[in-house]
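Spelled out from the first residue to the last, the chains are:
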Amino acid sequence: MSRLPLAGLFAALLLVAGSAAEAKQWKHAGMHPRTGKPADGLCHIETMHVHTAAPLYGETLYRTRDDVHVFIGDPTPFGYEGPRHAYYGHHPVVLNVFIQVEVDVVEYCYHDGPHYHAYAPPPRQEFVDKEDVHYYAGEYPDEYKRDSPRRGRVNAVYRGWEGPRPVVTVAPPPQYHGPIIQVGLSLPVPRVEVRVGAPPPPPPEREVVIIREERVVHEHHDDHDDHHDHGKHHGKHGKHKGRH
């Protein structure tokens, strides 16, 4: 075989290898986990950049726009120690924070209970603050409800990771109607005394929620079970909570 065919074959192999390498590139915008394992920490590149490995837990920890992956999870299990904002329950995240687009690209964070993000609540979204914790106070669209089963898996992923959570010692504000999640401690069961011949007692009030940095379990309410389909939050934008 002549040198010319060999050279041509070598060039073709280089083209194939180059194409394969390019196909494996994954675009990212903003800070994100290096590998998806907490021990491996975070990539802190804020501008759009490329990695050659697919993001771990891509369906739960990321949202995409034009093939750009944006991390919207809680960064604290990965060793993040920058400015933090405390949130409670499910809430909108606007990807405009990370990518340049002309209209708001609204996605939803499905973290149950108290958690952190590195950014303040997005503008033009309804949040309410209570003791420096942001609660969503807007209406959830159909897309949020449709995606809830698969996106909600983020809580199973985070359950096995160590990471600080905001400490919440009071009940959510009345504008919030989302799920109430108890972390670490069991809520006391209210005692109701019933006397023969007496009128029935009024329903118990919603208990105060106490949050600690441990495992997540759900609190159930007999009088507001349907609130699991809705959530509300509203916020003082720009307020930082946490370590620097």
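K.L.:
Describe the overall build of the chain, with residues and values.
P.N.:
For the chain, the count of helices and strands is 4 helices and 14 strands. Expressed as a percentage of the 244 residues in the chain, the buried residues total 41%. Look at the contacts in the chain between residues 6 or more apart in sequence, and 75% of them connect residues 24 or more apart. Looking at the chain as shown, the accessible area adds up to about 14200 Å², and 55% of this sits on carbon and sulfur atoms.

K.L.:
Before we move on, could you go through the pattern of salt bridges and cite the residues and values that matter?
P.N.:
What the rule picks out here adds up to 5 salt bridges. Between D147 and R146 there is a salt bridge, with the nearest N and O atoms lying 3.2 Å from each other. Taking relative accessible area as the criterion, R146 reaches 57% and is therefore assigned exposed.

K.L.:
Pulling in residues and values, what's your account of the confidence of the model for the chain?
P.N.:
Confidence in the prediction for the chain averages 74 pLDDT; 62% of positions are at 70 or higher. Counted against residues more than four places away or in other chains, residues 9-21, with its pLDDT under 50, gives 0 contacts. Overall, residues 184-198 carries pLDDT values under 50, and its contacts beyond four positions in sequence, including any with other chains, amount to 12 contacts.

K.L.:
If you had to explain the sheet that holds strand β12 (residues 133-136) to someone new, which residues and values would you point to?
P.N.:
Reading across from one edge, β10-β7-β12-β11 is the order of the 4 strands in this open sheet, with mixed pairing throughout. Edge strands, defined here as strands with exactly one partner in the open sheet, are β10 (114-117) and β11 (127-130). The mean angle between the axes of side-by-side strands here comes to 40 degrees, regardless of whether they run parallel or antiparallel.

K.L.:
Run through unusual backbone geometry, naming residues and quoting values.
P.N.:
Working note: non-glycine residues mostly have negative phi, and peptide bonds are mostly trans. The backbone phi angle of D66 is positive, close to 55 degrees, even though this residue is not glycine. Looking at the element boundaries, D66 is found in the loop between β5 (62-65) and β6 (68-71). Here D66 falls in the exposed class, since its relative accessible area comes to 62%. Of note in the backbone geometry, E131 takes a positive phi value of approximately 50 degrees without being a glycine. By the secondary structure assignment, E131 is in the loop between β11 and β12. By relative accessible area, which is 53% here, E131 ends up exposed.

K.L.:
Run through the environment of V68, naming residues and quoting values.
P.N.:
Among the structural elements, V68 can be located in strand β6. Put simply, V68 and M48 are 20 residues apart on the chain and 7.9 Å apart in space, counted from C-alpha to C-alpha.

K.L.:
Would you mind going over the environment of G89 in detail, with residue names and values included?
P.N.:
Relative to the helices and strands, G89 is located in the loop between β7 (85-88) and β8 (91-94). The buried category is assigned to G89, whose relative accessible area is 1%. A sequence separation of 90 residues divides G89 from P179, and the C-alpha atoms of the two residues are 6.8 Å apart.

Procedures and definitions
Residues numbered from 1 in each chain as written. Predicted model: local features only at pLDDT ≥ 70, side-chain atom pairs only at ≥ 80, totals over all residues. Heavy atoms only, no water. Helix = DSSP H or I, 4+ residues; strand = E, 2+ residues; numbered from the N terminus. Buried < 20%, exposed > 50% of the residue type's maximum accessible area, 1.4 Å probe, protein only. Contact = heavy atoms within 4.5 Å. Areas by Shrake-Rupley, 256 points an atom, 1.4 Å probe, with all protein chains shown as cover. Salt bridge = Lys/Arg side-chain N within 4 Å of Asp/Glu carboxyl O. pLDDT = per-residue confidence, 0-100. Pairing = 2+ DSSP bridges. Axes fitted to C-alpha atoms, helices over the stretch in contact; angles between N-to-C directions.

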